[in-house]
Amino acid sequence: MVNYIILGATGSIGTQALNILRFNNYNLVAFSYGNNTDKAIDIIKEFKPKYVSTNDTLRIEELRSLFPDVVIYEGNDGNNKIASLYKGEAVVINALVGSAGLKPTEIAIKNKNKVLLANKETLVIGGEIIMNLAKENNVEIIPIDSEHSAIYQLLVGHKREEIKRIIITASGGPFKNKKKEELESVSVEDALNHPNWKMGSKITIDSATLMNKGFEVIEAHHLFNLPLDMIDTIIHPESIIHSMVEFKDYSIFAQMGSSDMHLAINYAINGPTHSKCDIIKPLDLTKVSALHFEALDLTKHKLVNLAYEVVKKGSFYPTVLNASNEVAVELFLNKKIKFTDIEKIITEEVSSYSKFDMEFTIDNILKLDKDIKEKLRKIYS
């Protein structure tokens, strides 16, 4: 039986990954989570893992008392320890949010465990290092993002030389039809009201600013080893087509499905077999009245354009992009800044960096990430 480890088990992706494990009667041996200890207790009772890590230091002794046979770790170091378990004998599902997901991915790869990756930031800020490390250790990295899962599925059986371009779709978020000046007054509640998907708060705001689409371009660049001029983005409001691949004979293959992350997670876990999974919401084509497409305006959606720019600059620039975005989203969710300030903060932070006098390593990426976040939180505290 395959052993599964979930990093971020109580979040949106983690919860849905547990649904897939439950449906298949798969074995969860370890997991980490943030502060939702009540939910974690239910997971421990049901799946009976041997190891757990928590950020909830106030209830860690309660956990140890309730489950004396479970080894309990804590904090980011706990995430790293969970990722280091079962060398060569487990599949690690990384559903963490933010840069905290990078180090555990590195550890899991060095541990020679397959990684199912939902954590965007791993490839956004450390893609070059991570993909080289995966190749060196002969470790598979399977995407869980719906867009990258779609491309991954579509490329099965095809050679890289056949590809003309990949096309990443974007719903356009809740403010697709709003003018720039109208965005000044949008509320947190407005931004969290995504028209198609139910996701965690951070990624939902990234969808509203379209920063997530910029991140997905960077991810695709590293994951599929494609130059930027072979990666396009397009607005598709219905979110029925999750992404497309155009081949050199101009045939375009599209992966379609309902707006249900269980589909991508199930494929990551059970692929390349498209295995039966009754918990996935089926797509009824008779109820799809039309599919619409329009160009993504990079002059309006400046954060997507900025993502292309930081990839071209390379080195630590994607780290600056990501760190400033994480803090800006955090500030907006806490109602300390306006929605339009997110783009402003990120743009200013990226433009303020011109030289990095340090080796491009994961430890230095995380150091710069921490420094930027501390600086911005101090400014806006």
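Refer to the preceding data block for the structure.
Here the residue numbering is sequential within each chain, running from 1 through the sequence in written order. pLDDT decides what is reported in this predicted model: residues at 70 or higher carry local features, side-chain atom pairs at 80 or more are listed and counted, and totals for whole chains, interfaces and linings draw on all residues regardless. As a rule here, side-chain values cover all heavy atoms of the structure and leave hydrogens and water aside.

Asker: Break down unusual backbone geometry for me, with residues and values.
Answerer: Of note, the bond from Gly271 into Pro272 is cis; its omega dihedral lies within 30 degrees of zero at 5 degrees. Here Tyr86, not a glycine, exhibits a phi torsion of approximately 55 degrees, which is positive. Mapped onto the secondary structure, Tyr86 falls in the loop between helix H4 (75-83) and strand E5 (90-94). Although it is not a glycine, Ser315 adopts a positive phi angle of roughly 55 degrees. Where helices and strands are cited, they refer to DSSP runs of H or I of at least four residues and of E of at least two residues respectively, numbered from the N terminus.

Asker: Summarise the sheet that holds strand E3 (residues 51-54); cite the residues concerned and give the values.
Answerer: Neighbouring strands of a sheet are bound in pairs by backbone hydrogen bonds; such pairs are parallel or else antiparallel. The 7 strands are arranged E4-E3-E2-E1-E5-E6-E7 in an open sheet whose pairing can be described as parallel. The sheet is open, and its two borders are formed by strand E4 (71-74) and strand E7 (141-143), each paired with just one other strand. Direction aside, the axes of adjacent strands within the sheet are offset by 20 degrees on average. For strand E2 (residues 27-33) and E3, the ladder comprises 4 bridges, and the chain directions are parallel. Within the sheet, the bridge partner assigned to Tyr33 lies in E3 and is Thr54. Its contacts with the sheet place helix H2 (residues 37-47) against E2 and E3, and it is angled at close to 165 degrees to E2. Any pair of residues with heavy atoms lying within 4.5 Å of one another is described as a contacting pair. Lines are fitted to the C-alpha atoms to define the axes, a helix being fitted only along its stretch in contact, and any angle between axes, read from their N-to-C directions, falls within 0 to 180 degrees. Its contacts with the sheet put helix H6 (residues 120-136) on E5, strand E6 (114-117) and E7, and the angle it makes with E7 is roughly 145 degrees. When DSSP finds two or more bridges between a pair of strands, those strands are recorded as paired.

Asker: Describe the packing of aromatic side chains, listing the residues and the values that go with them.
Answerer: Stacked, edge-to-face and tilted labels apply to pairs of Phe, Tyr and Trp rings (six-membered ring for Trp) whose centres lie within 6.5 Å, assigned for plane angles under 30 degrees, over 60, and everything in between, in that order. According to the stated counting rule, one finds 11 aromatic pairs in the structure shown. Look at Phe316 and Phe360: their rings are 5.1 Å apart centre to centre, the planes differ by 80 degrees, and that puts the pair in the edge-to-face class. Here the residue Phe316 occupies a position in the loop between helix H12 (302-313) and helix H13 (317-333), and Phe360 occupies one in the loop between helix H14 (339-351) and helix H15 (362-379), the gap between them amounting to 44 residues. Any residue under 20% of the maximum accessible area for its type is buried, any over 50% is exposed, and the rest in between are partly exposed; the area is computed with a 1.4 Å probe on protein chains only. Exposure remark for Phe316: the relative accessible area of 0% places this residue in the buried category. Classification of Phe360 by relative accessible area gives partly exposed; the value is 27%.

Asker: So what about the pattern of salt bridges? Which residues, and what values?
Answerer: Opposite charge on two side chains makes pairing possible when the charged atoms of those side chains draw close. Salt bridge, as applied in this entry: a Lys or Arg side-chain nitrogen positioned within 4 Å of an Asp or Glu carboxyl oxygen. In this structure the tally under the stated criterion is 26 salt bridges. For the salt bridge of Lys120 with Glu219, the shortest nitrogen-to-oxygen distance reads 3.4 Å. Taken together, the residues Lys120 in helix H6 and Glu219 in helix H10 (residues 211-223) connect sequence positions 99 residues apart. For the pair formed by Lys120 and Glu219, the shared burial category is buried. Residue Glu349 is joined to Lys375 by a salt bridge in which the shortest nitrogen-to-oxygen separation is 2.5 Å. With Glu349 in helix H14 and Lys375 in helix H15, this residue pair connects regions lying 26 residues apart in the sequence. Of the residues examined, Glu349 reaches a relative accessible area of 6% and is grouped as buried. When its relative accessible area of 34% is taken as the criterion, Lys375 is described as partly exposed.

Asker: Run through the pairing of E6, naming residues and quoting values.
Answerer: Summarising the sheet, E5 and E6 pair through 4 bridges and their orientation is parallel. Along E6, the bridge assignment pairs Val92 with Val115. With helix H5 (residues 102-110) bridging E5 and the parallel E6, this β-α-β connection has right-handed handedness. The pairing of E6 with E7 spans 3 bridges and is parallel. Among the inter-strand pairings, Leu116 is bridged to a residue of E7, identified as Ile142. Look down the strands so they point away from you; if the path from the first strand over the helix to the second goes clockwise, the crossover is right-handed. With respect to chirality, the unit in which E6 leads through H6 into the neighbouring parallel E7 is right-handed.

Asker: Break down the side chain of Thr122 for me, with residues and values.
Answerer: Position of Thr122 among the secondary structure elements: in helix H6. Residue classification places Thr122 among the buried positions, given a relative accessible area of 0%. A polar side-chain atom of Thr122 sits 3.1 Å from a polar atom in the side chain of Thr105. Residues in contact with Thr122, not counting those within four places in the same chain, are Asn94, Gly101, Leu102, Thr105, Leu117, Gly127 and Ile130. Residues adjacent in sequence count toward polar contacts only when both atoms are side-chain atoms; beyond that, a polar contact is any pair of N or O atoms within 3.5 Å, and within protein one must be able to donate a hydrogen and the other to accept it.

Asker: Give me a nonpolar patch on the surface: which residues, what numbers.
Answerer: Where nonpolar side chains cluster on the molecular surface, the patch consists of Met256, Leu285, Leu291 and Phe293 and spans about 350 Å² of accessible area. Looking at the element boundaries, Phe293 is found in the loop between helix H11 (261-270) and strand E12 (294-295). A patch consists of residues whose relative accessible area exceeds 30% and which take part in no salt bridge; residues with like charges are grouped when within 9 Å of each other, and nonpolar side chains (Val, Leu, Ile, Met, Phe, Trp, Tyr) when within 5 Å. What sets the accessible areas is the Shrake-Rupley method with a 1.4 Å probe; for residues, cover comes only from the shown protein chains.

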